[in-house]
Amino acid sequence: VSSWGFANRAHRTGDELLAWLALAMAIAALARLSYFLFPSVYTSWVFTGDVLQLGTYGLILAGALREIARYQRTAATAAVLEERGRIARDLHDGLAQDLAYIRMQGHRLAAHDERGAKIAAAAEDALIHSRGMIANLTAGDARLGGAVVSLSRALAGRHGIELVLDVDEQLDARAAERDDLLRIISEAISNAVRHGEASQISIRLARGDEVGLRLTISDDGAGFDPLEAGDGNGGLGLRGMRERAERMGGRLEVSSSPGTGTTLEVVL
């Protein structure tokens, strides 16, 4: 009865520990049945019931160890999320506010000195990057697909551009891959707005049959010549995005030409 009860509750709640207890109780029942059919009158002998009872304790121990490991992973994840939230708040309340102030003062200075416009533009670029980092940090512990949707909408809303999404929100990836993919999306949107002056960005995230994950980011901006940009062009950020893709064991493919927009594809 207890085995059935634990199994039923494990099925309803998804609690792995209850599933281990259900299995342990089933083995314990077999052990009691063995003792009933073959009483252990010789205490120095090892009976089938003894082996089954040992198996019961082993299953309970295995379930407890897995539960402890799960708790430790949850605690570690919670600590990471708390630290990410703290960093995001510090960036928002400190760096982002200071950059916004510098940008405002740069625009005021531009009326008297042309260098003010350059200061304001540099502050604007830094502010866009900081906001992208904040949006990435505050994406939380959602699955990769949900984090991509949340980050993309936040950045597109801030830049005032149209966003077209084709994302499976149930897709997920390892934490390191998740962070790198979100940083690539943030950089791609920032580049499309600052350099390409795009008005629409399309993002597609799917899992293919022949590849793991395929992330495609397209914009209708001014485009550029990838051969002229090269890997060393820090302004476009291609090197950083390519390095992130290669670090994940994938590759970054760039398709663009002047006047036709840009398409970036990350294949893992």
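This text goes with the structure placed above it.
Residues numbered from 1 in each chain as written. Predicted model: local features only at pLDDT ≥ 70, side-chain atom pairs only at ≥ 80, totals over all residues. Heavy atoms only, no water.

### Here we look at the overall build of the chain
At step 1: Across its full length, the chain holds 8 helices and 5 strands.
At step 2: Secondary structure elements of the chain, listed N to C terminal, follow the sequence α-α-α-α-α-β-α-β-β-α-α-β-β.
At step 3: In terms of overall dimensions, the chain is more spread out than a globule: its C-alpha atoms have a radius of gyration of 28 Å, far above the 18 Å expected for 268 residues.
At step 4: With the C-alpha coordinates aligned to their principal axes, the bounding extent of the chain is approximately 100 × 40 × 30 Å.
At step 5: Burial status across the chain gives 34% buried among its 268 residues.
At step 6: Relative to all contacts within the chain whose residues are 6 or more apart in sequence, the contacts with residues 24 or more apart total 61%.
At step 7: As displayed, the chain has an accessible area near 15800 Å², and 55% of this comes from carbon and sulfur atoms.
At step 8: The averaged location of the 35 negative side-chain charges in the chain is 6 Å from the averaged location of its 29 positive side-chain charges. (Helix = DSSP H or I, 4+ residues; strand = E, 2+ residues; numbered from the N terminus. Rg over C-alpha atoms; globule rule 2.2 N^0.38 Å. Buried < 20%, exposed > 50% of the residue type's maximum accessible area, 1.4 Å probe, protein only. Contact = heavy atoms within 4.5 Å. Areas by Shrake-Rupley, 256 points an atom, 1.4 Å probe, with all protein chains shown as cover. Lys, Arg positive; Asp, Glu negative; His and termini not counted. Charge placed at Lys NZ, Arg CZ, Asp CG, Glu CD.)

### Thoughts on the pattern of salt bridges
At step 1: Using the criterion set out here, one finds 11 salt bridges in the structure.
At step 2: Put simply, R66 and E16 hold a salt bridge, and the shortest N to O gap is 2.3 Å. One end of the pair, R66, is in helix α3 (residues 48–110); the other, E16, is in helix α2 (residues 16–37), with 50 residues separating them in the sequence.
At step 3: Given the relative accessible area of 44%, R66 is considered partly exposed.
At step 4: Since its relative accessible area comes to 33%, E16 is described here as partly exposed.
At step 5: With a shortest N-O distance of 3.3 Å, E265 and R214 are connected by a salt bridge. Of this pair, E265 sits in strand β5 (residues 262–267) while R214 is found in strand β3 (residues 213–219), placing the two residues 51 residues apart along the sequence. (Salt bridge = Lys/Arg side-chain N within 4 Å of Asp/Glu carboxyl O.)

### Observations concerning the environment of R174
At step 1: On the secondary structure map, R174 appears in the loop between β1 (162–167) and α6 (175–194).
At step 2: For R174, a relative accessible area of 59% gives the class exposed.
At step 3: In the structure, R174 is positioned 30 residues away from L144 in sequence and 8.7 Å away in space, judged by C-alpha atoms.

### Structural notes on the layout of surface pockets
At step 1: Here the second largest pocket defines a volume of roughly 210 Å³.
At step 2: Secondary structure elements with two or more residues in the lining of the second largest pocket: α6, β3, α8 (238–247) and β5.
At step 3: Examining the composition of the lining of the second largest pocket, we find that 3 residues originate from one element, α6, more than from any other.
At step 4: Its residues assigned to classes, the lining of the second largest pocket shows 9 nonpolar, 6 polar and 1 charged. (1 Å grid on protein atoms, 1.4 Å probe; cavity = no way out; pocket = protein on both sides within 12 Å on 5 of 7 lines; lining within 4 Å. Points joined across faces, edges and corners; volume = space filled by probe spheres on them. Nonpolar A, V, L, I, M, F, W, Y, C, P; charged D, E, K, R; others polar.)

### Here's the deal with the packing of helix α5 (residues 144–159) against α6
At step 1: Relative orientation of the contacting elements α5 and α6 amounts to 20°, with a least axis distance of 10 Å. Judged by the inter-axis angle, α5 sits roughly parallel to α6. Crossing angle aside, the handedness with which α5 passes α6 is right-handed. Together, L144, A147, V148, L151, S152, L155 and H159 of α5 and R178, L181, L182, I185, S186, I189 and V193 of α6 make up the contact between the two elements.
At step 2: Across the contact of α5 with α6, the residue classes tally to 10 nonpolar, 3 polar and 1 charged. (Axes fitted to C-alpha atoms, helices over the stretch in contact; angles between N-to-C directions. Parallel < 35°, antiparallel > 145°, perpendicular 65-115°, else oblique. Left-handed = near helix turned anticlockwise from the far one by under 90°.)

### Here's the deal with the sheet that holds β5
At step 1: Across the sheet, 5 strands lie side by side as β1-β2-β3-β5-β4; this open sheet has mixed pairing. At either margin of the open sheet sits one strand with a lone partner, and together these are β1 and β4 (251–256). Neighbouring strand axes in the sheet, compared pairwise and without regard to direction, differ in orientation by 10° on average.
At step 2: Across the sheet, α5 lies against β1, β2 (200–207) and β3, angled at about 175° from β1, the strand it touches most.
At step 3: Each of β2, β3 and β5 is contacted by α6, which is oriented at about 10° to β3, the strand it contacts most. (Pairing = 2+ DSSP bridges.)

### As for the packing of α6 against α8
At step 1: α8 packs onto α6 with a crossing angle of 160° between their chain directions and a minimal axis gap of 10 Å. If you check the angle between α6 and α8, you find them roughly antiparallel. Relative to α8, the crossing made by α6 is left-handed. Where α6 approaches α8, its residues D180, R183, I184, E187, A188 and N191 are matched on the opposing element by M241, R244, A245 and R247.

Any functional reading would require information beyond the geometric quantities listed.
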